[in-house]
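So you can see what is in the structure, the chains are spelled out below.
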Amino acid sequence: MWRKNSHNVRIYFYLAALGAGIILLSILIFSKPMPVYEEKIIPVFGTYVRLNVAGDKVSPDVLIKMAERELYQIHNKYSANVENSIVWELNKNGKVKVDDEALFLFQSAINYAIITGGAFDPTIRPLLELWGFDDANSSEKRVPSQEEINNVLSYVDYRFINIDEKNMEVSFLKEGVQVDLGGIAKGYAIDLVIQRIRAIDPKATGFIDAGGDIGIIGPKFGELAWVIGIRDPFSNDTFKSMDTIYLTDGTVATSGDYERFFVQNGTKYHHIIDPQTGYPAQGISSVTVIAPNATAADTFATALFVLGFDNPALEYFTNFGIQAMIVSNNGEIRETSGFNYFREKLK
Ligand code: AMP
Ligand code: MG
């Protein structure tokens with residue numbers, strides 16, 4: 001009796017061990033390992049671009065290298081300060097031959113100018129030069145005289161840009177016009193990098209953060225929202241946030257008067273210029289825009305900054321698929337009706 005029992009126990013033991021082995025093996029074979037995120041900080045666009053990515057099929061190293069190449073390529077192609085870039089040549093000669101991508105980017109910039117009633121205006125460059133916010137090595141930050149501003153204002157109007165699709169050429173209709181795509185290029189670069197990453201690894205996840213403009217590559221670990229802090233515009237601490245939003249896809253951009261500025265006689269002068277007055281836009285400390293793509297988020301953040309805190313058209317802009325939150329100089333907050341939705345952690 002005892003012998004038989006011990007025999008049975010042994011059989012049960014072997015069966016249980018076999019079962020456990022099979023379960024363990026199937027876990028090893030069928031379960032996916034947790035994505036491994038890799039991060040790289042890339043100095044480009046006069047800021048630091050932070051790329052945090054995990055591949056599904058492709059190693060993150062490969063994705064990072066490709067993204068890095070694309071970012072430098074976009075910068076060298078469109079920066080007004082890079083010799084022989086498309087924008088540099090256009091500013092120098094008043095015309096330039098363009099490829100499909102450049103045509104699209106100029107057309108987009110003009111469309112955003114039209115949509116925002118000229119609050120976003122790519123011909124802002126002469127004003128940026130005057131105030132010393134043009135990023136050129138030689139530029140000096142200073143308050144220009146009213147006369148200087150008036151002179152330059154006559155060259156600032158996006159309607160001076162002519163796009164000739166047939167001959168693939170962009171030109172100026174007035175001598176002295178200068179463009180700067182600094183208000184759109186970063187956003188466009190984010191969209192392009194995300195598109196490229198998804199093209200070679202559709203299930204890659206992560207985010208790209210280009211100095212306040214963030215695009216989601218894919219949700220964290222394939223399912224969770226990324227937690228994004230919105231910077232407190234009144235703090236010198238870059239990491240202090242005033243609010244938190246959650247994104248599993250899409251993009252968010254914040255424009256703040258803390259990004260680039262100088263102080264003269266107690267007044268703060270920053271880099272977002274009102275194309276109508278020629279002065280840094282008044283009344284706002286920061287604008288955050290959530291949009292399906294970073295080109296829209298980037299340009300609308302700049303435009304809404306220019307349009308001011310009392311902007312009666314704030315809600316109207318949700319027709320373009322965006323949500324926005326604006327913070328006035330004295331800390332008041334206004335936001336579009338759907339912005340609050342992004343404060344909810346859905347997962
Ligand atoms: P951001 O840092 O995204 O707010 O973009 C501001 C950048 O856009 C500046 O550094 C300028 O290069 C450019 N910019 C400033 N004011 C304007 C404007 N009114 N329209 C278009 N671009 C602008
Ligand atoms: Mg912007």
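Up top is the structure.
Notes on the structure in this doc start here. Predicted model only: the values in this text are computed from it and were never measured. (Residues numbered from 1 in each chain as written. Chains lettered and ligands numbered in written order. Predicted model: local features only at pLDDT ≥ 70, side-chain atom pairs only at ≥ 80, totals over all residues. Heavy atoms only, no water.)

1. Regarding the site of ligand 1
Here is step 1 of the chain: The environment of ligand 1 is made up of 17 residues, and the closest members are Ala119, Asp121, Ser255, Glu259 and Ile273.
Here is step 2 of the chain: A distance of 3.1 Å separates an oxygen atom of ligand 1 from a polar side-chain atom of His271.
Here is step 3 of the chain: For ligand 1, the protein covers 96% of the area, taking 490 Å² as the surface of the free molecule.
Here is step 4 of the chain: Counting residues per element, the shell around ligand 1 draws most heavily on helix H8 (residues 294-307), at three residues. (Near = heavy atom within 4 Å. Polar contact = N/O pair within 3.5 Å; in protein donor to acceptor, adjacent residues only side chain to side chain. Areas by Shrake-Rupley, 256 points an atom, 1.4 Å probe, with all protein chains shown as cover. Helix = DSSP H or I, 4+ residues; strand = E, 2+ residues; numbered from the N terminus.)

2. Let's talk about the sheet that holds strand S4 (residues 161-164)
Here is step 1 of the chain: Across the sheet, which stays open at both edges, the three strands sit in the order S3-S5-S4 with antiparallel pairing between neighbours. Each of the sheet's edge strands pairs with one partner strand only, and the pair in question is strand S3 (95-97) and S4. When strand polarity is set aside, the average angle formed by the axes of neighbouring strands in this sheet is 15°.
Here is step 2 of the chain: Here S4 pairs with strand S5 (residues 169-172) via four bridges, running antiparallel. If you follow Asn162 over to S5, its bridge partner there is Ser171.
Here is step 3 of the chain: Most of the contacts of helix H3 (residues 86-93) go to S3, to which it runs at about 140°, and overall it touches S3 and S5.
Here is step 4 of the chain: Along the sheet, helix H4 (residues 100-115) contacts S4 and S5; its crossing angle with S4, the most-contacted strand, is approximately 140°. (Pairing = 2+ DSSP bridges. Axes fitted to C-alpha atoms, helices over the stretch in contact; angles between N-to-C directions. Contact = heavy atoms within 4.5 Å.)

3. Considering the coordination of the magnesium ion (ligand 2)
Tetrahedral coordination by four donors sets the ideal angle at the metal to 109.5 degrees; octahedral coordination by six donors sets it to 90 or 180 degrees.
Here is step 1 of the chain: Those donors, Asp298 (O), Asp298 (OD) and Thr302 (OG1), are the protein atoms that reach the magnesium ion (ligand 2), and they lie 2.2 to 2.5 Å from it. With Asp298 and Thr302 both in helix H8, this residue pair falls four residues apart, about one helical turn.
Here is step 2 of the chain: Accessibility expressed as a relative area gives 5% for Asp298, which makes it buried. (Donors = N, O, S within 2.8 Å, 3.2 Å for Na, K, Ca; no water. Buried < 20%, exposed > 50% of the residue type's maximum accessible area, 1.4 Å probe, protein only.)

4. Quick word on helix H6 (residues 146-153)
Here is step 1 of the chain: Among the residues of H6, those classed as buried are Ile149, Val152 and Leu153. Looking straight down H6, one finds its buried side chains confined to an arc of 105°; they lie on one side. (Arc of directions from axis to C-beta.)

5. Regarding the environment of Ile190
Here is step 1 of the chain: Position of Ile190 among the secondary structure elements: in helix H7 (residues 185-200).
Here is step 2 of the chain: For Ile190 and Ile216, which are 26 residues apart along the polypeptide, the C-alpha to C-alpha distance reads 9.2 Å.

6. Some words on the environment of Glu68
Here is step 1 of the chain: With respect to the helices, strands and loops of the structure, Glu68 is situated in helix H2 (residues 60-78).
Here is step 2 of the chain: Once the C-alpha coordinates of Glu68 and Val193 are considered, the two residues, 125 residues apart in sequence, prove to be 8.7 Å apart.
Here is step 3 of the chain: Excluding anything up to four places from it in sequence, Glu68 contacts Lys40 and Ile42.
Here is step 4 of the chain: Looking at Glu68, its side chain comes within polar contact range of the side chain of Lys40, at 3.2 Å.

7. Looking at the packing of H2 against H4
How two helices pack is summed up by the angle between their axes together with the distance between the axes.
Here is step 1 of the chain: Contact geometry of H2 with H4 gives a least axis separation of 12 Å together with a crossing angle of 70°. Taken together, the axes of H2 and H4 are roughly perpendicular relative to one another. Contacts from Ile74, Lys77 and Tyr78 of H2 reach H4 at Glu101, Ala102 and Leu105. (Parallel < 35°, antiparallel > 145°, perpendicular 65-115°, else oblique.)

8. Some words on the environment of Leu105
Here is step 1 of the chain: Looking at where Leu105 falls in the secondary structure, it is placed in helix H4.
Here is step 2 of the chain: Discounting residues that sit within four places of it in the chain, Leu105 has contacts with Tyr78, Leu181, Ile184 and Tyr188.

9. What to know about the nonpolar core
Here is step 1 of the chain: Within the largest apolar cluster, 71 residues are counted, with the highest numbers of intra-cluster contacts made by Leu71, Phe106 and Val289.
Here is step 2 of the chain: Examining the composition of this core, we find that nine residues originate from one element, H8, more than from any other. (Core = buried A, V, L, I, M, F, W, Y, C linked by side-chain atoms within 4.5 Å.)

10. Quick look at the side chain of Gln178
Here is step 1 of the chain: Along the chain, the position of Gln178 falls in the loop between S5 and H7.
Here is step 2 of the chain: The class for Gln178 is buried, based on a relative accessible area of 18%.
Here is step 3 of the chain: A polar side-chain atom of Gln178 sits 3.0 Å from the main-chain carbonyl oxygen of Asn91.
Here is step 4 of the chain: Dropping the residues within four chain positions of it, Gln178 is found in contact with Asn91, Pro122, Thr123, Ile124, Arg125, Pro126, Glu129 and Phe172.

11. Brief notes about unusual backbone geometry
Excluding glycine, a negative phi dihedral is what most residues carry, and trans is how most peptide bonds are arranged.
Here is step 1 of the chain: Phi at Met168 is positive, roughly 50°, even though this residue is not glycine.
Here is step 2 of the chain: For Met168, the location among the structural elements is in the loop between S4 and S5.
Here is step 3 of the chain: Not every positive phi belongs to a glycine, and Asn265 is a case in point at roughly 50°.
Here is step 4 of the chain: Residue classification places Asn265 among the exposed positions, given a relative accessible area of 76%.

Limitation: the analysis is restricted to geometry and does not speak to function.
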